[in-house]
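# Fold and geometry: a report
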Amino acid sequence: MTSLKDPETAAESHSNPEAALALGQLLLDTGQPLAAIKSFKSAAAGGNSTAMHLLGRMHQLGWGIPADPVLAADYYNRACSSGEPWSMFNLAELYLSGSGVAQSDDEAYRLYALAAKQGNAQSLNMLGMMAEDSRGPEGPEAALDHYLAAAAAGDGWGCFNAARLLIAQARIDEAMEWIDRSLSEGSPVYLRIVADALIDHEDSRIKKRGVWAETLFKRHALHD
């Protein structure tokens, strides 16, 4: 049996894409990114779209290697061809910012829409953000429907954005239902933004949620 003490030999020994993927994830988790890349490449050569996605993510974010958005986009493209929704989401992000690819709102929208059709809730939220900013084929009037769909699919930012637009329409009770749904599982960053957005509002129902978000944020801080 090959030992992880010799990760390059271990990576070479796995001709099975699933096994190479699992080894690459283990190598990445144990701080061996170069060996992980080799194993992911082996899995990707066997058609494993998750390995293609992880190679894209490593190059996009610079996980243990210099960031290279051009290579990231290439790997995401390959994974997209295999139907990987998170690669569609991340490649859309690159097109939105023009990182590693020519900036294109239209291509970003197309990729977010494809990922959303496969159930990626975060992509629904991004479609709402693009619509609200009039970036893409839809205008601001379409934003709320996208946010509500993202919220219903469990995306916290979708909940917040839906609530934000509902508050603007004076639909306070509906808005608070989405805020309440999202607060219990919100990250510290999310809780901080919600608290700052709501805590000084003149409506007591909204202010109450801002205070609660602040309380939850402080609880997270105590345990970090």
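Residues numbered from 1 in each chain as written. Predicted model: local features only at pLDDT ≥ 70, side-chain atom pairs only at ≥ 80, totals over all residues. Heavy atoms only, no water.

## Looking at the environment of Ala221
Which entries qualify depends on this criterion: Starting at the N terminus, helices and strands are each numbered in turn, a helix being any DSSP run of H or I of at least four residues and a strand any DSSP run of E of at least two. Burial classification: accessible surface area is computed with a 1.4 Å probe over protein chains only, and a residue below 20% of its type maximum counts as buried, one above 50% as exposed, and the rest as partly exposed.
Looking at where Ala221 falls in the secondary structure, it is placed in helix H13 (residues 204-223). Residue classification places Ala221 among the partly exposed residues on the basis of a relative accessible area of 45%. It is 32 Å that separates the C-alpha atoms of Ala221 and His146, two residues lying 75 residues apart in sequence.

## Observations regarding unusual backbone geometry
Of note in the backbone geometry, Ser134 takes a positive phi value of approximately 55 degrees without being a glycine. On the basis of relative accessibility, which here comes to 47%, the residue Ser134 falls in the partly exposed class. With phi around 65 degrees, Ala170 is a residue other than glycine that occupies positive phi space. Here Ala170 shows up in the loop between helix H10 (156-168) and helix H11 (172-183).

## Concerning a nonpolar patch on the surface
Operational definition: Within the patch definition used here, like charges are joined within 9 Å and nonpolar side chains (Val, Leu, Ile, Met, Phe, Trp, Tyr) within 5 Å, considering only residues with over 30% relative accessible area and no salt bridge. Areas reported as accessible are Shrake-Rupley estimates using a 1.4 Å probe. Residue values count occlusion only from the protein chains shown. Salt bridges are counted wherever a side-chain nitrogen of Lys or Arg sits within 4 Å of a carboxyl oxygen of Asp or Glu.
Where nonpolar side chains cluster on the molecular surface, the patch consists of Trp157, Val189 and Ile193 and spans about 260 Å² of accessible area. Positionally, Trp157 belongs in helix H10.

## Some remarks on the side chain of Asp155
For clarity, the threshold we go by: Residues scored as positive are Lys and Arg, those scored as negative are Asp and Glu, and His as well as the terminal groups of each chain are ignored. Nitrogen and oxygen atoms within 3.5 Å of one another constitute a polar contact, given that in protein one can donate a hydrogen and the other can accept it, and given that sequence-neighbouring residues count only through two side-chain atoms. Contacts: residue pairs with any heavy atoms within 4.5 Å of one another.
Relative to the helices and strands, Asp155 is located in the loop between helix H9 (143-152) and H10. It turns out Asp155 is buried and unbridged, and the closest side chain with the opposite charge, Arg164, is 11 Å from it. Side-chain polar atoms of Asp155 contact the backbone nitrogen of Gly158, separated by 2.8 Å. Non-local contacts of Asp155, meaning those with residues more than four positions away in its chain, are made with Ala121, Gln122, Asn125 and Ala150.

## A word on the nonpolar core
Just so we agree on the cut-off: The set of buried Ala, Val, Leu, Ile, Met, Phe, Trp, Tyr and Cys residues whose side-chain atoms join them within 4.5 Å is what this entry labels a nonpolar core.
Judged by nonpolar contacts, the single largest core of 27 residues is most densely connected at Ile167, Met176, Ile179, Leu183 and Val194. Sorting the residues of this core by element identifies H9, H10, H11, helix H12 (188-198) and H13 as the ones contributing at least two each. Counting residues per element, this core draws most heavily on H10, at 7 residues. Residues within four places of Ile179 in sequence aside, it is in contact with Phe160, Ala163, Leu198 and Arg209. Membership of the second largest hydrophobic core comes to 24 residues, among which are Tyr76, Leu96, Ala115 and Met130.

## Things to note about the pattern of salt bridges
Under the definition given, this model contains 10 salt bridges. The partner of Asp180 in a salt bridge is Arg209, with the nearest N and O atoms 2.8 Å apart. With Asp180 in helix H11 and Arg209 in helix H13, this pair connects stretches of sequence that are 29 residues apart. On the accessibility criterion, Asp180 (38% relative accessible area) is partly exposed. Where salt bridges share partners, they join Arg192, Asp196, Glu214 and Lys218 into one cluster.

## Describing the confidence of the model for the protein
Convention followed: pLDDT measures how confident the predictor is about each residue, on a scale from 0 to 100.
Residues of the protein with pLDDT of at least 70 account for 93%, and the chain-wide mean is 92. Counting interchain partners and residues more than four positions distant, the pLDDT-below-50 stretch residues 1-14 has 23 contacts.

## Observations concerning the layout of surface pockets
Short version of the rule: The way it works is a 1 Å grid over only the protein atoms, where trapped points that fit a 1.4 Å probe form a cavity and open points with protein on both sides within 12 Å along at least five of seven lines form a pocket, and then any residue with an atom within 4 Å of a point lines it. Grid points are joined across faces, edges and corners, and a volume is the space filled by probe spheres set on the points. Three classes are used: nonpolar for Ala, Val, Leu, Ile, Met, Phe, Trp, Tyr, Cys and Pro, charged for Asp, Glu, Lys and Arg, and polar for all others, with Gly counted as polar.
Size it by volume and the largest pocket reaches roughly 190 Å³. Lining the largest pocket, in full, are Ala151, Gly154, Asp155, Gly156, Trp157, Cys159, Arg181, Ser182, Glu185, Gly186, Ser187 and Tyr190. Of all elements in the fold, only H10 and H11 reach the threshold of two or more residues within the lining of the largest pocket. Element by element, the count of residues in the lining of the largest pocket is highest for H10, at 3 residues. Split into classes, the residues belonging to the lining of the largest pocket amount to 4 nonpolar, 5 polar and 3 charged.

## Observations concerning the packing of aromatic side chains
Our working rule: Aromatic contacts are taken between Phe, Tyr and Trp rings whose centres are within 6.5 Å, Trp giving its six-membered ring; a plane angle under 30 degrees counts as stacked, one over 60 as edge-to-face, and the others as tilted.
On inspection of all chains with the given rule, the structure shows 5 aromatic pairs. With 5.5 Å between their ring centres and 65 degrees between their planes, Phe89 and Tyr112 make a pair best called edge-to-face. Separated by 23 residues along the polypeptide, Phe89 in helix H6 (residues 85-97) and Tyr112 in helix H7 (residues 105-117) bring together distant segments of the chain. Its relative accessible area of 1% is what places Tyr112 among the buried residues. For the pair Trp157 and Phe160, a centre-to-centre distance of 6.2 Å together with 90 degrees between the ring planes defines the contact as edge-to-face. Highlighted residues: Trp157 and Phe160, both in helix H10, separated by 3 residues, approximately one helical turn.

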